[in-house]
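A structural walkthrough
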Amino acid sequence: MRYAPRRGDDGDLRSRLREIAAERRRFGYRRLGIMLAREGLVMNHKKLLRLYREENLRVRRRRGRKRAMGTRAPMALPQGPNQRWSLDFVSDTLISGRRIRILAVVDDFTRECLALVADTSLSGARVARELDAVIAVCGLPLMIVSDNGTELTSLAILSWAQERPVEWHYIAPGKPQQNGYVESFNGRLRDECLNETLFVSLGHARSVLRLWRDDYNHVRPHSGVGGLTPADAAKRVVQHRPERHHTNPGLQL
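I will try to describe carefully the structure that is included in this document. (Residues numbered from 1 in each chain as written. Predicted model: local features only at pLDDT ≥ 70, side-chain atom pairs only at ≥ 80, totals over all residues. Heavy atoms only, no water.)

Overview of a nonpolar patch on the surface
Together, Ile95, Leu198 and Val200 give the surface a local cluster of nonpolar side chains, amounting to about 330 Å² of exposed area. Locating isoleucine 95 in the fold gives a position in the loop between strand 1 (84-93) and strand 2 (99-107). (Patch = residues over 30% accessible without salt bridge, like charges linked within 9 Å, V, L, I, M, F, W, Y side chains within 5 Å. Areas by Shrake-Rupley, 256 points an atom, 1.4 Å probe, with all protein chains shown as cover. Salt bridge = Lys/Arg side-chain N within 4 Å of Asp/Glu carboxyl O. Helix = DSSP H or I, 4+ residues; strand = E, 2+ residues; numbered from the N terminus.)

Structural data, given as structure tokens:
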């Protein structure tokens, strides 16, 4: 009853254990014990486990594969073309029942549809290639906005974004309204094209989408840009840019 434990503080041992755990973040206590033993710091497994737990060094369980993280800070409104693009997928079926996917790329300022890519499958690597094709024509955007779909959070997209001076912004899960520009575009695409057409084949779908995109950009008036077509809105911005002296270069209609 009068016994008082005389346990040492093990300060140096704890310090070295933390150092090794910081270098080897995926090592558990047994493997850390082997690393300590190589340095002459030998102890039984019970003491090692106790110190390991007291220092809160347990290995964090991975919740999934590595994904592109991007930014999640609030977005500023675009003030000109190529400042922000939005990406999303739309699904449809051929008359045979085969499912197709359509990648839509929209400039949030001019409302131009920069790309409509249809295929039976669109991987992250394919999305990266299509973005490079759009950039070759339109130039590099400052920001790209998308949801958290597997194609858009893949390692291919992570590598693509790291190699280019483009900020990739992911909306909050379950909040499609944060990507409202492309969601609105998807609604028009669904209502005016997909629901009005029976696609015989993938080639037929691509042809119809190409014609509809041309009509959307150059003929269809868009209420978001004062009744102009997206192409005319983009031209007006370019024409008025040299005469602009104010600090907020929004679209002047």
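Brief notes about helix 7 (residues 202-218)
Three or four residues apart is the spacing at which side chains of an α-helix point the same way, because the helix has 3.6 residues per turn. The end-to-end C-alpha distance of helix 7 is 24 Å, a good match for the 24 Å that 17 residues give at a rise of 1.5 Å each. Burial in helix 7 covers these residues: Leu202, Ala205, Val208, Leu209, Trp212, Tyr216 and Asn217. Around the axis of helix 7, the buried residues are gathered within 155° of arc, so they sit on the same side. The exposed set on the far side of helix 7, more than 90 degrees from its buried face, consists of Arg210 and Leu211. (Expected span 1.5 Å × (residues − 1). Buried < 20%, exposed > 50% of the residue type's maximum accessible area, 1.4 Å probe, protein only. Arc of directions from axis to C-beta.)

Some details on the pairing of strand 3 (residues 113-119)
Among the seven residues that make up strand 3, seven are buried, leaving the element largely enclosed by the rest of the structure. Bridging between strand 2 and strand 3 involves six bridges; their strand directions are antiparallel. In the strand pairing of strand 3, isoleucine 102 is matched with alanine 118. The antiparallel hairpin formed by strand 2 and strand 3 contains five residues in its connecting segment, where arginine 111 sits at a positive phi of about 70°. (Pairing = 2+ DSSP bridges.)

Observations regarding the sheet that holds strand 3
Pairing is mixed in the open sheet, where five strands are placed in the order 3-2-1-4-5. Whereas interior strands pair on both sides, the edge strands pair on one side only; in this sheet they are strand 3 and strand 5 (167-170). Averaged over all adjacent pairs, the angle separating strand axes in this sheet is 20°, with direction ignored. Of the pairings in the sheet, the one linking strand 1 to strand 2 comprises nine bridges and is antiparallel in character. Looking across to strand 2, one finds that leucine 87 is bridged to valine 105. Contacts from helix 6 (residues 180-192) reach strand 1, strand 2 and strand 3 within the one sheet, and its direction differs from that of strand 1 by about 35°. (Axes fitted to C-alpha atoms, helices over the stretch in contact; angles between N-to-C directions. Contact = heavy atoms within 4.5 Å.)

Remarks on the packing of helix 6 against helix 7
Between helix 6 and helix 7, the shortest axis-to-axis distance is 12 Å and the interhelical angle comes to 120°. Considered as vectors, helix 6 and helix 7 are oriented oblique to each other. Where helix 6 crosses over helix 7, the two elements pack in a sense that is right-handed. Here helix 6 contributes Phe185, Arg188, Leu189 and Glu192 to the contact with helix 7, which in turn contributes Leu209, Trp212 and Tyr216. Partitioned by chemical class, the residues of the contact of helix 6 with helix 7 number five nonpolar, no polar and two charged. (Parallel < 35°, antiparallel > 145°, perpendicular 65-115°, else oblique. Left-handed = near helix turned anticlockwise from the far one by under 90°. Nonpolar A, V, L, I, M, F, W, Y, C, P; charged D, E, K, R; others polar.)

Quick word on helix 4 (residues 124-138)
Here helix 4 contains 15 residues, and its C-alpha end-to-end distance of 21 Å stays within 8% of the 21 Å for a straight helix at 1.5 Å per residue. Within the sequence span of helix 4, burial applies to Gly124, Arg126, Val127, Ala128, Leu131, Val134 and Ile135. Buried residues belonging to helix 4 abut strand 1, strand 2, strand 3, strand 4 (143-146), helix 5 (155-162) and strand 5. In the stretch just after helix 4, glycine 139 is the one whose phi turns positive, near 95°.

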